[in-house]
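# Structural overview
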Amino acid sequence: MKSLITLSVAGLAGVLFALGLGLGGMTDPAKVVGFLDVAGRWDPSLAFVMAGALGTYALLRPLILRRTRPVLAERFPPPPQAAVDGRLVSGAALFGIGWGMSGYCPGPALVSLPVGGTTVLLFVGAMLVGMGAFRAWEAVRSARMMRQPG
Amino acid sequence: MNPVLLPLLGGILIGLASAVLLLFHGRIAGISGITGGLLSPAPADVGWRVAFLGGLAVGGVLLAVFRPESLGPPVLTSVGATLAAGLLVGFGTRLGGGCTSGHGVCGLARGSKRSLVATLTFMATAALTVFISRHVLGGAS
């Protein structure tokens, strides 16, 4: 029973998230590219999506964290302690290039997947391959680090 | 509808959905992290991840039925560029530990310096990519 509730709440959050992306305009790649085109006819409307999401979450987060634990889980995640490093910056840079090329970041691409046709299918397929490639690269890298300590 | 109110409403829904995930599951609504977590050799907590991503797809179908204009056509037409963009987004978001949602919304909202640096970086390279493709190479006007 509890697992059914867990799945339903997560599914509902996904639907809500998708509707927010769609109503906000994030699932229209031409609009996203127009937002990123600061040197052209800049369309700033997507900044309001970010403002709305950021404002809402920033407001609710501290209220939620007053609880000792989440409703359906054991504990809240500890905030990540990692520092700003080369991986963070180069990963974000690569992601931005792909986002600027396509107008799709992961959420809108997944929302568009069931109805977006071949291009979205190819994009999401390649995105999953890219995520898998990262995992493989990391596995190789950590195995090498283990062999050569320091 | 209003060019400010509708995006704002969309954003509020995204913020609410992220808050639901934190309140009930104690999870950060980072789409790339939720997706990437399914690709590990022994995926933990598959259930809520699949349910959330399934919810995204259901939302896409609802949008297609009730608001088809919100799902604009792709801007990329060539297969090669589409695959390259997908690979960059997939690899980059995992290497950088997040995307527009994880860093740009959840991370920024808790005042994370990492997320601020990541968000400024991907915004900058995305804008630069659009600038080069539109105004230097001269694709669309």
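Values in this document were obtained by computation on a predicted structure and should not be read as measured data.

Turning our eyes to something else, we now look at the overall build of chain B. Each helix and strand counted, chain B has 6 helices and 0 strands in total. From first element to last, N terminus to C terminus, chain B shows the α and β order α-α-α-α-α-α. Every one of the 141 residues in chain B was classed for burial, and the buried ones make up 55%. Considering only residue pairs separated by 6 or more positions, chain B has 40% of its internal contacts joining residues 24 or more positions apart.

Scanning chain A from N- to C-terminus turns up 6 helices and 0 strands. For 150 residues, the compact-globule formula gives about 15 Å, and the C-alpha radius of gyration of chain A, at 19 Å, lies well above that figure. Dimensions of chain A along its principal axes, counting C-alpha atoms only, are 50 × 40 × 30 Å. The buried share of chain A, taken over its 150 residues, is 45%. When contacts within chain A are restricted to residue pairs at least 6 apart in sequence, long-range pairs at least 24 apart make up 43% of them.

Residues and elements named next belong to chain B. Mapped onto the fold, L120 is located in helix α6 (residues 113-136). Judged by C-beta crowding, with 14 C-beta atoms within 10 Å, L120 ranks as partly exposed. In this structure, the C-alpha to C-alpha distance between L120 and H103, residues 17 residues apart in sequence, is 10.0 Å.

Their axes nearest at 7 Å, the elements helix α4 (residues 86-102) of chain A and helix α4 (residues 79-95) of chain B cross at an angle of 150 degrees. Relative to α4(B), the element α4(A) lies roughly antiparallel. In this structure, α4(A) meets α4(B) at a crossing whose hand is left-handed. Contacts between α4(A) and α4(B) pair A:R87, A:S90, A:G91, A:A92, A:L94, A:F95, A:I97, A:G98, A:W99, A:M101 and A:S102 from the former with B:A81, B:T82, B:A85, B:G86, B:L88, B:V89, B:F91, B:G92, B:T93 and B:L95 from the latter. Looking at the contact of α4(A) with α4(B), its residues break down into 12 nonpolar, 8 polar and 1 charged.

Nonpolar side chains tend toward joint burial in soluble globular proteins. Within the largest apolar cluster, 80 residues are counted, with the highest numbers of intra-cluster contacts made by A:A13, A:F17, B:A17 and B:V20. Residue contributions to this core peak at 11 residues, all from helix α1 (residues 5-25) of chain B. If we skip the residues at most four places from it in the chain, A:F17 touches A:G107, B:I14, B:A17, B:A29, B:L56 and B:G59.

Moving on: the interface of chain B and chain A. Every contact between the two is made by 97 residues of chain B and, on the other side, 101 residues of chain A. Here the side of chain B that touches chain A gets 20 residues from one element, more than from any other, and that element is α1(B). Classifying every residue of the side of chain B that touches chain A gives 59 nonpolar, 32 polar and 6 charged.

Thresholds, definitions, all that
- Residues numbered from 1 in each chain as written.
- Chains lettered and ligands numbered in written order.
- Predicted model: local features only at pLDDT ≥ 70, side-chain atom pairs only at ≥ 80, totals over all residues.
- Helix = DSSP H or I, 4+ residues; strand = E, 2+ residues; numbered from the N terminus.
- Buried ≥ 20, exposed ≤ 12 C-beta atoms within 10 Å, placed from the backbone.
- Contact = placed C-beta atoms within 7 Å.
- Rg over C-alpha atoms; globule rule 2.2 N^0.38 Å.
- Axes fitted to C-alpha atoms, helices over the stretch in contact; angles between N-to-C directions.
- Parallel < 35°, antiparallel > 145°, perpendicular 65-115°, else oblique.
- Left-handed = near helix turned anticlockwise from the far one by under 90°.
- Nonpolar A, V, L, I, M, F, W, Y, C, P; charged D, E, K, R; others polar.
- Core = buried A, V, L, I, M, F, W, Y, C linked by C-beta atoms within 7 Å.

Nothing here speaks to function; it is all geometry.
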